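Now for the letters of each chain:
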Amino acid sequence: MTLLLINIKELLQVREPGILKVSGEEMKELPGIKNAWLKIEDDKIAGYGSMDNLPAIAADKTVDASGKIVLPTWCDSHTHIVYAGNREQEFADRINGLSYEEIANRGGGILNSAKTLQETSEEEIYRQSAQRLEEVIKLGTGAVEIKSGYGLTEDAELKMLRVIRKLKQNYDLPVKSTFLGAHAIPKEYKENPTAYMDLVVEEILPKVAAQKLAEYIDIFCEKGYFTVEDTHRLLKAAGEYGLRPKIHVNQFNAIGGVKAGVEHNALSVDHLEVMNEDDIEILKGKETMPVALPSCSLFLGIPYTPARRILNAGLPLALATDFNPGSTPSGNMNLVVSLACIKMKMTPEEAINAATINGAYAMDLSEAHGSITKGKKANFIITKEIPSYTYLPYAFGTNSIDSVYINGKSI
Ligand SMILES: N=CN[C@@H](CCC(=O)O)C(=O)O
Ligand SMILES: [Zn+2]
């Protein structure tokens, strides 16, 4: 099946093979072709160029994209899409003055979602999660990472990971799975958190690995959750099973999580709302991708990741949603890109790079995703008729998407 797009107002993020991420100054560049054509063969990008040099192509279907921009689908490298129920009551409690920490200390927060998930059947969790996944695909997401972490018992963590596996099997986009058993300390372990770490490291992790239920390991390295020592212990054990770290660090406090992640060759360190100079220094020249989650900052009213300090230091940066029931009940990458520009002072070029090629890197997918490159998967967005790509973040909250293609098929 050959699909041909013609008269594309601008084909964005066109890159040579072999570019797996962009950093610092490079992020200011967003290469593209104005008045372009794009050829798709089955599920792959087969060619592109200027309409001035359109070769004779025998296409099965031709789409006229006059006035529209075509860009790779968003790569959302940090989500908790698999959960049960919601936490609207905590939202109202926060409006009435309670903080996220106060709610968590009263047994709300992650523990609240864990209780609901433990009491919900695997089928029902799948149903609710699949609905969310379909919603974000329509919003332009073409690759996604999903974490466990609302189970917090062996049974419930494995149940969550099986739901992620079923989503992988039933949907066409790449889905990466992360084991986040160390997301919060359950009530019954409050006086003995080490015993919970023993359970995660010695009991649950070996089963996750044996059943091949996860590619990555995560931990919430934060005051009141898990320590830097817990982080080293878990990442070392998970590394022995081949699980690479993608970890929650520096959301509320800088306690050394970035350094711990880098020491274990983390694929990404995520959140980073609170960054000291050492955290930035330690990331220089490393393979670890810093990931910012601006929708979480918006929803909780916490600081935004200091993107300018990170980029001005020559580092790369990826953007993701953090879609979860507590801190970010939104999986909209378009909003993330807008917030990155409006609140983090990233340029539209930097934000689009961060949400495509760098997001793909943060899931180990940038060989086949994240840019318009010959041989890569044909996962792309066709916008509505818009004046320029800057309009995407500028018109925040507006749905500028006309259609989304995954593996060459319109969804
Ligand atoms: N910070 C840790 N985990 C999630 C929030 C989880 C929740 O509140 O349910 C996050 O990334 O924001
Ligand atoms: Zn998260």
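Note that the structure is predicted; figures quoted are calculated from it, not measured.

**Examining the coordination of the zinc ion (ligand 2)**
The protein atoms that coordinate the zinc ion (ligand 2) are H78 (NE2), H80 (NE2), H248 (NE2) and D322 (OD), at distances of 2.1 to 2.2 Å. All donors to the zinc ion (ligand 2) come from one chain, and their sequence spacing reads H-x1-H-x167-H-x73-D. Accessibility assignment for this pair places H78 and H80 in one class, buried.

**Section: the domain arrangement of the chain**
Splitting the chain by domain gives domain 1 (2–72 + 371–410) and domain 2 (75–361). With centres defined by C-alpha atoms, the gap from domain 1 to domain 2 works out at 29 Å. In this assembly, 30 residues from domain 1 lie in contact with 34 residues from domain 2. Across the domain 1/domain 2 interface, buried area totals approximately 2400 Å², and carbon plus sulfur atoms make up 63% of it. Its largest share of buried area at the contact with domain 2, domain 1 owes to K21, M27 and P393, together 26% of the area lost on that side. Seen at the junction of domain 1 and domain 2, the total is one salt bridge. The partner of D172 in a salt bridge is K409, and the shortest N-O contact between them spans 3.6 Å. In this structure, the connection of domain 1 to domain 2 is made through 12 residue pairs in polar contact (both at pLDDT 80 or more). Put simply, the parts of the chain that give the side of domain 1 that touches domain 2 at least two residues each are β5 (68–72), α15 (391–394) and β15 (401–406).

**Comments concerning the pattern of salt bridges**
Per the counting criterion, the structure on display carries 23 salt bridges. The salt bridge partner of R244 is E287, with a shortest N-O separation of 3.9 Å. Note that R244 is positioned in strand β10 (residues 244–249) and E287 in the loop between α9 (277–283) and β12 (289–292), a separation of 43 residues in sequence. The exposure class assigned to R244 is partly exposed, which follows from its relative accessible area of 21%. Residue classification places E287 among the partly exposed residues on the basis of a relative accessible area of 47%.

Procedures and definitions
- Residues numbered from 1 in each chain as written.
- Chains lettered and ligands numbered in written order.
- Predicted model: local features only at pLDDT ≥ 70, side-chain atom pairs only at ≥ 80, totals over all residues.
- Heavy atoms only, no water.
- Donors = N, O, S within 2.8 Å, 3.2 Å for Na, K, Ca; no water.
- Buried < 20%, exposed > 50% of the residue type's maximum accessible area, 1.4 Å probe, protein only.
- Domains from an automatic or database assignment.
- Contact = heavy atoms within 4.5 Å.
- Buried area = accessible area lost by both parts, 1.4 Å probe.
- Salt bridge = Lys/Arg side-chain N within 4 Å of Asp/Glu carboxyl O.
- Polar contact = N/O pair within 3.5 Å; in protein donor to acceptor, adjacent residues only side chain to side chain.
- Helix = DSSP H or I, 4+ residues; strand = E, 2+ residues; numbered from the N terminus.

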